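Observations on the model geometry
If you want the building blocks of each chain, they are given just below.
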Amino acid sequence: MKRERRKGLPPVPGELEKLLNNIQLITLRELQNFGWTVELVRRPLFTTPVPVLKSPDGTKMAIIEEDGAVNYNPDIVIR
């Protein structure tokens, strides 16, 4: 299992239901039905965690915004 370097936390926590809001969870489940997988969850201070997803073929990334919208062109840098 990969670990997040700065805090020692796993990149995909086991308790997604506790971290994400209901709208994010609904969107996540819908995307998982199409083969998208959770790559990591960004956990910025004082804001809602942001799940980062990988496409079924592994070539695209997307994030689920706090309102449940899917951003297929996120402005994020993955190390």
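Structure shown above.
Residues numbered from 1 in each chain as written. Predicted model: local features only at pLDDT ≥ 70, side-chain atom pairs only at ≥ 80, totals over all residues. Heavy atoms only, no water.

1. Examining the nonpolar core
Generally speaking, nonpolar side chains in soluble globular proteins are found buried as a group. Among the nonpolar cores identified, the biggest contains eleven residues, and these are Leu 16, Leu 20, Leu 25, Leu 28, Leu 31, Trp 36, Val 38, Val 41, Leu 53, Ala 62 and Ile 64. The set of elements that each furnish at least two residues to this core consists of helix 2 (22-33), strand 1 (37-42) and strand 3 (61-64). Broken down by element, the residue count for this core peaks at three residues, all from helix 2. Among all residues touching Leu 25, those that are not within four sequence positions of it are Leu 16, Glu 17 and Leu 20. (Core = buried A, V, L, I, M, F, W, Y, C linked by side-chain atoms within 4.5 Å. Buried < 20%, exposed > 50% of the residue type's maximum accessible area, 1.4 Å probe, protein only. Helix = DSSP H or I, 4+ residues; strand = E, 2+ residues; numbered from the N terminus. Contact = heavy atoms within 4.5 Å.)

2. Brief notes about the pairing of strand 2 (residues 50-54)
Regular strands have side chains that alternate between both faces of the sheet. Here strand 1 runs beside strand 2; their pairing, made up of five bridges, is antiparallel. Paired with Thr 37 across the strands is Lys 54, a residue of strand 2. As judged from the three bridges shared by strand 2 and strand 3, these two strands associate in the antiparallel manner. For Leu 53, the partnering residue across the bridge sits in strand 3 and is Ala 62. In this structure, the hairpin formed by strand 2 and strand 3 is closed by a connection of six residues, where Gly 58 is found at a positive phi of approximately 80 degrees. (Pairing = 2+ DSSP bridges.)

3. Here we look at the sheet that holds strand 2
An order of 1-2-3-4 is seen for the four strands of this open sheet, with the pairing classed as antiparallel. Two strands in the sheet have a free side with no partner beyond their single neighbour: strand 1 and strand 4 (70-71). Across the sheet, helix 2 lies against strand 1, strand 2, strand 3 and strand 4, angled at about 150 degrees from strand 3, the strand it touches most. (Axes fitted to C-alpha atoms, helices over the stretch in contact; angles between N-to-C directions.)

Interpretation note: all reported values are geometric properties and have no functional meaning in isolation.
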